[in-house]
Amino acid sequence: MFRRFRASVRSMPSAARLLAVAVMLLVAAAAHLAARSEPGGRWVPLLVAGVLGALVTGSPTRLWPIPAIWLVATLLALTGDAPVDPASTRVAVIVGAVALLVAIAVDLRPVLRARRRRGAA
C-alpha cells in the first residue's frame, strides 16, 4: 500500500517537492519548539508527523536533510530575543548532530559499496 502511494507521489514531481517542503517545515517547527524548551506535547507530534510523512511519501530521497534542518532550526532559535533553556538547547543540538551523522552514514553506504564493487572487479 505504501509502495503504491510512494510511486504515485514520485510520478508527480511537483507533489513530491511539495511534500518534501512540508516535511522540512514540520521538522523545523518541532526543532524550534524543542530549543525553546516547550513541553514535549507541543513539538513531539510535529516531529512525528514530519518523519512519518517523509517515510510514507519517500521524500526526500536522502535522509540527511531532515536532521540537517533540525540543526539549522535549533541554531536559529538561539538567535531570537526569547529566552532559551541551555539544557534543552544542548540536548536538541546533540540529538540533531548524532542523527545527522547517522543519516549521512546510511546515505553513503550504497555509494561506498558500489565503489568497492567497481574496485574489486
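Residues numbered from 1 in each chain as written. Predicted model: local features only at pLDDT ≥ 70, side-chain atom pairs only at ≥ 80, totals over all residues. Heavy atoms only, no water.

Novice: For this particular structure, what's the right way to read the nonpolar core?
Specialist: The nonpolar side chains of a soluble globular protein tend to be buried with one another. In this structure, Val-23, Met-24, Val-27, Ala-28, Ala-30, Ala-31, Ala-34, Ala-54, Ile-66, Trp-70, Ala-73 and Ala-92 together form the largest nonpolar core, which totals twelve residues. Mapped by element, the contributors of at least two residues to this core are α2 (13-35) and α4 (65-78). For this core, the element with the highest residue contribution is α2, accounting for seven residues. If we ignore the near neighbours within four places in the chain, the residues touching Trp-70 are Val-27, Ala-30, Ala-31, Ala-34, Trp-43, Leu-47, Ala-92 and Gly-96. (Core = buried A, V, L, I, M, F, W, Y, C linked by side-chain atoms within 4.5 Å. Buried < 20%, exposed > 50% of the residue type's maximum accessible area, 1.4 Å probe, protein only. Helix = DSSP H or I, 4+ residues; strand = E, 2+ residues; numbered from the N terminus. Contact = heavy atoms within 4.5 Å.)

Novice: For this particular structure, what's the right way to read the environment of Arg-6?
Specialist: Mapped onto the elements, Arg-6 comes out in helix α1 (residues 2-11). Discounting residues that sit within four places of it in the chain, Arg-6 has contacts with Leu-55, Val-56, Thr-57 and Gly-58.

Novice: What is the right way to look at the packing of α2 against helix α3 (residues 40-57) in this model?
Specialist: It is the contact of α2 with α3, at a shortest axis distance of 8 Å, that shows an interaxial angle of 155°. By the angle between their directions, the pair α2 and α3 is classed as roughly antiparallel. Along this stretch, α2 crosses α3, giving a crossing that reads as left-handed. Contacts from Leu-19, Val-23, Leu-26, Val-27, Ala-29, Ala-30, Leu-33 and Ala-34 of α2 reach α3 at Arg-42, Trp-43, Leu-46, Leu-47, Ala-49, Gly-50, Gly-53, Ala-54 and Thr-57. The class makeup of the residues in the contact of α2 with α3 is 13 nonpolar, three polar and one charged. (Axes fitted to C-alpha atoms, helices over the stretch in contact; angles between N-to-C directions. Parallel < 35°, antiparallel > 145°, perpendicular 65-115°, else oblique. Left-handed = near helix turned anticlockwise from the far one by under 90°. Nonpolar A, V, L, I, M, F, W, Y, C, P; charged D, E, K, R; others polar.)

Novice: Would you mind going over the environment of Pro-83 with me for this structure?
Specialist: Checked against the element boundaries, Pro-83 lands in the loop between α4 and α5 (86-120). For the pair Pro-83 and Arg-17, spaced 66 residues apart in the sequence, the C-alpha separation amounts to 34 Å.

Novice: Would you explain a nonpolar patch on the surface in this entry?
Specialist: There is a patch of nonpolar side chains on the surface, built from Val-44, Val-48, Val-51, Leu-52 and Leu-55 and spanning about 390 Å² of accessible area. Mapping Val-44 onto the fold places it in helix α3. (Patch = residues over 30% accessible without salt bridge, like charges linked within 9 Å, V, L, I, M, F, W, Y side chains within 5 Å. Areas by Shrake-Rupley, 256 points an atom, 1.4 Å probe, with all protein chains shown as cover. Salt bridge = Lys/Arg side-chain N within 4 Å of Asp/Glu carboxyl O.)

Novice: Help me out: how do you make sense of α2 in this one?
Specialist: In an α-helix, one turn spans 3.6 residues, which is why side chains three or four residues apart end up on the same side. Taking 1.5 Å per residue, 23 residues should reach 33 Å; α2 reaches 33 Å between its end C-alpha atoms and fits that length. Just beyond α2, the residue with positive phi is Ser-37, at close to 60°. (Expected span 1.5 Å × (residues − 1).)

Novice: Explain the side chain of Arg-36 here, please?
Specialist: Note that Arg-36 resides in the loop between α2 and α3. According to the relative accessible area criterion, Arg-36 is buried, its value standing at 16%. Filtering out sequence-adjacent residues up to four positions away, Arg-36 remains in contact with Ala-77, Gly-80, Ala-82, Pro-83 and Val-84.

Novice: For this particular structure, what's the right way to read the side chain of Asp-107?
Specialist: One can find Asp-107 in helix α5. Buried and unpaired, Asp-107 has Arg-62 as its nearest opposite-charge partner, separated by 4.8 Å. Within the local environment of Asp-107, its side chain forms a polar contact with the backbone nitrogen of Trp-64, the two atoms lying 3.1 Å apart. Every residue in contact with Asp-107, bar those within four places of it in the chain, is listed here: Arg-62, Leu-63 and Trp-64. (Lys, Arg positive; Asp, Glu negative; His and termini not counted. Polar contact = N/O pair within 3.5 Å; in protein donor to acceptor, adjacent residues only side chain to side chain.)

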